[in-house]
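Observations on the three-dimensional arrangement
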Amino acid sequence: MNSKILITGFNGELGSKILDFLAQKNYSIIGLDLNKKLSQSDNIKLIQGSISDKDLIQSIFDNNIISEVYHFAALLSQTAAKNPKLATEINENSSINLINCAAVHGVKNNIKVKFFFPSSIAVYGPRKIHNASEFDIIKPTTIYGINKLAVEQYGSKKHTEFDSKNYGIDFRSIRFPGVISSDSIPSGGTTDYAPQMIHAAATNKQYICKLSKETLLPFISIEKTVLSIHQLMGMNTINSTLRVFNIQEASFSVEDLYKAIQHKFGEFKIEYVIDNKFQSVADTWPSSLNCDEAKKKWKFTSSEDFEKFIKKMINEMIKNEKN
Ligand code: SER
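The residue numbering used here restarts from 1 in each chain and proceeds along that chain's sequence as written. With the structure being a predicted model, the display of local features is reserved for residues of pLDDT at least 70 and the display and counting of side-chain atom pairs for 80 or more, all residues being used for whole-chain, interface and lining totals. To obtain the side-chain values, all non-hydrogen atoms of the structure were used and water was disregarded.

Only runs of H or I of at least four residues qualify as helices and only runs of E of at least two qualify as strands under DSSP, and these elements are numbered from the N terminus. Looking only at helices and strands, one finds 11 helices and 12 strands in the protein chain. What you see for the protein chain is a C-alpha radius of gyration of 19 Å, in line with the 20 Å of a compact globule of 323 residues. Across the protein chain, the fraction of contacts at a sequence separation of at least 24, relative to all contacts at a separation of at least 6, is 78%. Here the protein chain carries 39 positive and 34 negative side-chain charges, and the mean point of each set is 2 Å from the other. For the radius of gyration, the atom set is restricted to C-alpha positions; the globular benchmark scales as 2.2 Å times the number of residues to the power 0.38. Contacts are assigned to residue pairs with any non-hydrogen atoms lying within 4.5 Å of each other. Only four residue types enter the charge count, namely Lys and Arg as positive and Asp and Glu as negative; His and the chain termini do not. To locate a charge, take atom NZ for lysine, CZ for arginine, CG for aspartate or CD for glutamate.

Structure representation (structure tokens):
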């Protein structure tokens, strides 16, 4: 049997991009998502179902040889805050079940299953820190951050169990900052203001911002996100007991972004209607991330130039609006 890649949450912002990227490279893929997607091809099998359906997950592993898992099915931070019980069920319990299934599958088939988990800056807290490293004290205050941290720790522990073996699970994770994509406008997250604001400007609309103008957060483009995941997962082994890495491209305040947009579009109106549900979360997340470990262990690179980064994001978004 040919080995396959399992992608959960293939309809999401990250999942859909990774699905396209890996499909172009002709991998055999099994996708799982709550929602349907019509386009299928010979090497892609898409299954509609929930990540919390343990029987379904088990049957996927029983009926295939899965060599890699990309696990994107999740609730974003603001959606999680509104449904904490569901968040723990999906973001934590289902992730742990998937890690366990992958590890058992690896043992049974005598292979090392590579497992990618997208973590988040949400694991930080309770105070905003600058240049946050993987070794800083982390005490998340949100359910989203608490669930992400639990999975990071569980996956890292499982990885250690199989460290000296050539079967089991090889856990790899990235703590993502806000992700900016030119062709989708996310909702349900705290960092979503950035793509939403650029999109509003590109479509001549006023933007109502729920975060204060001073709020500083780190960001990355979707293109760099996909390449980074591919780079991390493409390594045969990562010589590191640290399994979760920080990456970012640029760090900027709401006002920095507003000014850059205004520079590009001229007149653009913004109104600040601060929403404490958003502000109180953003205030516990780091203003920037230290990426030294990722640079050292798997050669992550970043130009870290705000002007260049933001110009590229705005231009991509305008290009997409026109298409
Ligand atoms: N970008 C995510 C959110 O805002 C954090 O990982 O929910």
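Attention now goes to the environment of Tyr167. You can see Tyr167 is positioned in the loop between helix H5 (143-161) and strand S6 (168-176). Not counting residues up to four positions away in its chain, the partners in contact with Tyr167 are Gly106, Val107, Asn110, Ile111, Lys112 and Phe162.

Moving on, we come to the side chain of Glu249. Secondary-structure assignment places Glu249 in the loop between strand S10 (244-246) and strand S11 (250-253). Throughout this description, buried means an accessible area under 20% of the type-specific maximum (1.4 Å probe, protein chains only), exposed means over 50%, and partly exposed covers the range between. A side-chain nitrogen of Lys or Arg and a carboxyl oxygen of Asp or Glu constitute a salt bridge if their distance falls within 4 Å. As a buried residue without a salt bridge, Glu249 has its nearest oppositely charged side chain in Lys312, at a separation of 4.4 Å. Under this definition, polar contacts are N or O atom pairs within 3.5 Å; protein pairs additionally need one hydrogen-donor-capable and one acceptor-capable atom, and for neighbouring residues in sequence, both atoms have to be side-chain atoms. Polar contacts involving the side chain of Glu249 include one to the main-chain amide nitrogen of Ser221, which spans 2.8 Å.

What follows covers the site of the ligand. Near is defined per residue: the residue qualifies when any heavy atom it owns lies within 4 Å of the molecule or strand. Neighbouring the ligand are the residues Leu76, Ser77, Ser120, Tyr144, Gly189, Thr190, Thr191 and Trp285. Note that an oxygen atom of the ligand is positioned 2.6 Å from one of the side-chain N or O atoms of Ser77. In this structure, an oxygen atom belonging to the ligand sits 3.2 Å away from a side-chain N or O atom of Tyr144. With residues, only the protein chains shown are counted as cover, and all accessible areas are computed by Shrake-Rupley using a 1.4 Å probe. Considered on its own, the ligand offers 240 Å² of accessible surface; in the complex 91% of this is hidden by protein.

The next subject is the packing of aromatic side chains. Stacked, tilted and edge-to-face pairs are distinguished by plane angle, under 30 degrees for stacked and over 60 for edge-to-face with tilted covering the rest, among Phe, Tyr and Trp rings (Trp via its six-membered ring) whose centres lie within 6.5 Å. Summed over all chains, the structure comprises 13 aromatic pairs. An angle of 65 degrees between the planes, with centres 6.4 Å apart, marks the rings of Phe116 and Phe176 as edge-to-face. Of the two residues, Phe116 is situated in strand S5 (residues 112-120) and Phe176 in strand S6; the sequence distance between them amounts to 60 residues. According to the relative accessible area criterion, Phe176 is buried, its value standing at 4%. Residues Tyr193 and Phe219 carry aromatic rings whose centres are separated by 5.9 Å and whose planes lie at 80 degrees to one another, so their mutual orientation is edge-to-face. A residue pair is termed long-range when its members are at least 10 positions apart, and Tyr193 in helix H6 (residues 193-202) and Phe219 in strand S9 (residues 216-221) qualify at 26 residues. There is no split in this pair, since Tyr193 and Phe219 are both buried. One aromatic cluster is present, formed by Tyr193, Phe219, Phe252, Phe306 and Phe309 through successive ring pairs.

Glancing now at the pattern of salt bridges. Enumeration according to the criterion identifies 9 salt bridges in this entry. Asp62 serves as the salt-bridge partner of Lys108, at 3.8 Å between the closest nitrogen and oxygen. With a gap of 46 residues between them, Lys108 in helix H4 (residues 84-109) and Asp62 in helix H2 (residues 54-62) connect regions that are remote in the sequence. On the accessibility criterion, Asp62 (44% relative accessible area) is partly exposed. The residue Asp170 makes a salt bridge to Arg172 at a minimum N-O spacing of 2.9 Å. Of the two residues examined, Asp170 and Arg172, each falls in the buried class.

Pairing is parallel across the open sheet formed by 7 strands, whose spatial order is S3-S2-S1-S4-S5-S6-S10. Edge positions in the sheet fall to strand S3 (44-48) and S10, since each has one partner strand and no second. On average, adjacent strands in this sheet sit at an angle of 20 degrees to one another, irrespective of strand direction. Whether two strands pair depends on DSSP finding at least two bridges between them. Bridging between strand S4 (residues 65-71) and S5 involves 3 bridges; their strand directions are parallel. Bridge pairing links Tyr70 to Phe116 in S5. Seen against the sheet, helix H1 (residues 13-24) touches strand S1 (3-8), strand S2 (29-33), S3, S4, S5 and S6 and runs at an angle of roughly 160 degrees to S1. Sitting on the sheet, helix H7 (residues 222-234) is in contact with S4, S5, S6 and S10, with an inclination near 155 degrees to S6. For every element, the axis is a line fit to its C-alpha atoms; helices are fit only across the contacting stretch, and the angle between N-to-C directions ranges from 0 to 180 degrees.

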